[in-house]
Amino acid sequence: MLEQTLAIVKPDAVRKKFTGAILARYEKEGFRIRAVKMRHLSKAEAEGFYAVHRERPFFRSLVDFMVSGPVVLVVLEKEGAILAHRTLMGATDPAKAEKDTLRAHFGESIECNAVHGSDSAETARFEIPYFFPTVELVG
């Protein structure tokens, strides 16, 4: 089934100039980039985006990290995009991620792990319009 998923190139990967390599990898893996933009998230935006984690002990450090520098927001599309992107990203901890995954290549720690991706169709339905009104998606 054709799906869309949100990907975020996180501040650590943007800072290290990995954005181009990550976007190229998406295209190499057959994802269609439907929208892309660079933003420096406000604290309120990051808190709203990660609100599902508000009660978790890592919430504050996650928000602080996500507002520490610009991010690149991307809408990816392909058959089975959500699972395909989760597989391509690799484990949250780059040290435990499979060899050829984005986090193994570009991540440095559990928090500074280079990329974010929607974890389900329901999450994608919240995350994509959070940053991209429908009019911004390229047909």
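Since the model is a prediction, treat every value here as computed from it, not as a measurement.

**Here's the deal with unusual backbone geometry**
With a phi close to 65 degrees, K17 is a non-glycine residue in the positive phi region. Tracing the backbone shows K17 in the loop between α1 (11-15) and α2 (19-28).

**Observations regarding the environment of I22**
With respect to the helices and strands, the residue I22 is situated in helix α2. Taking the C-alpha atoms as reference points, I22 and V9, separated by 13 residues in sequence, lie 7.8 Å from one another.

**Side note on the UniProt feature "active site" (unreviewed entry) in the chain**
Residues annotated by UniProt as "active site" (unreviewed entry) correspond here to H116. Within the secondary structure, H116 sits in strand β4 (residues 115-117). For H116, a relative accessible area of 11% gives the class buried. Here H116 is in contact with L6, A7, I8, K10, F49, Y50, H85, M89, R103 and E127, once residues within four sequence places are set aside.

**Thoughts on the UniProt feature "binding site: ATP" (unreviewed entry) in the chain**
As annotated by UniProt and renumbered to match this structure, "binding site: ATP" (unreviewed entry) occupies K10, F58, R86, T92, R103 and N113. As for its position among the elements, K10 is in the loop between β1 (2-9) and α1. Taking the relative accessible area as the measure of exposure, K10 reaches 6% and is therefore buried. When sequence neighbours within four positions are dropped, the list of residues in contact with K10 reads Y50, F65, M66, P70, V71, E111, N113, A114, V115 and H116.

**As for the packing of aromatic side chains**
If you walk through the whole model with that rule in mind, you get eight aromatic pairs. Judged by centre distance (4.9 Å) and plane angle (45 degrees), the ring pair of F18 and F106 falls under tilted. Residue F18 is located in the loop between α1 and α2, and its partner F106 is located in helix α6 (residues 102-106); the two are separated by 88 residues in the primary sequence. Looking at F18, the relative accessible area reads 23%, which means it is partly exposed. With a centroid separation of 4.9 Å and an interplanar angle of 90 degrees, the aromatic rings of F49 and Y50 are classed as edge-to-face. Feature note: the residues F49, Y50, F126, Y130 and F131 constitute an aromatic cluster, connected by ring pairs. Over the ring of F132 we find K37; its NZ or CZ atom is 4.7 Å from the centre of that ring.

How each quantity is defined
- Numbers given to residues run from 1 along each chain, matching the order in which its sequence is written.
- Owing to the predicted nature of the model, reporting of local features is limited to residues with pLDDT of at least 70; listing and counting of side-chain atom pairs is limited to 80 or more, with chain, interface and lining totals taken over all residues.
- Side-chain numbers here rest on the full set of heavy atoms in the structure, without hydrogens or water.
- Only DSSP runs of H or I reaching four residues or more are called helices, and only runs of E reaching two or more are called strands; each is numbered from the N terminus.
- UniProt positions are given in the numbering used here, feature names are shortened, and annotations may be inferred rather than shown by experiment.
- Relative accessibility under 20% of the residue-type maximum defines a buried residue, over 50% an exposed one, and the middle range a partly exposed one, all with a 1.4 Å probe and only protein chains included.
- The contact rule is simple, with two residues in contact once any of their heavy atoms fall within 4.5 Å.
- Working definition: rings of Phe, Tyr and Trp (its six-membered ring) pair if their centres are within 6.5 Å, and the pair is stacked with planes under 30 degrees apart, edge-to-face with planes over 60 apart, and tilted otherwise.
- To sit over a ring, a charge needs its Lys NZ or Arg CZ within 6 Å of the ring centre and within 35 degrees of the ring normal.

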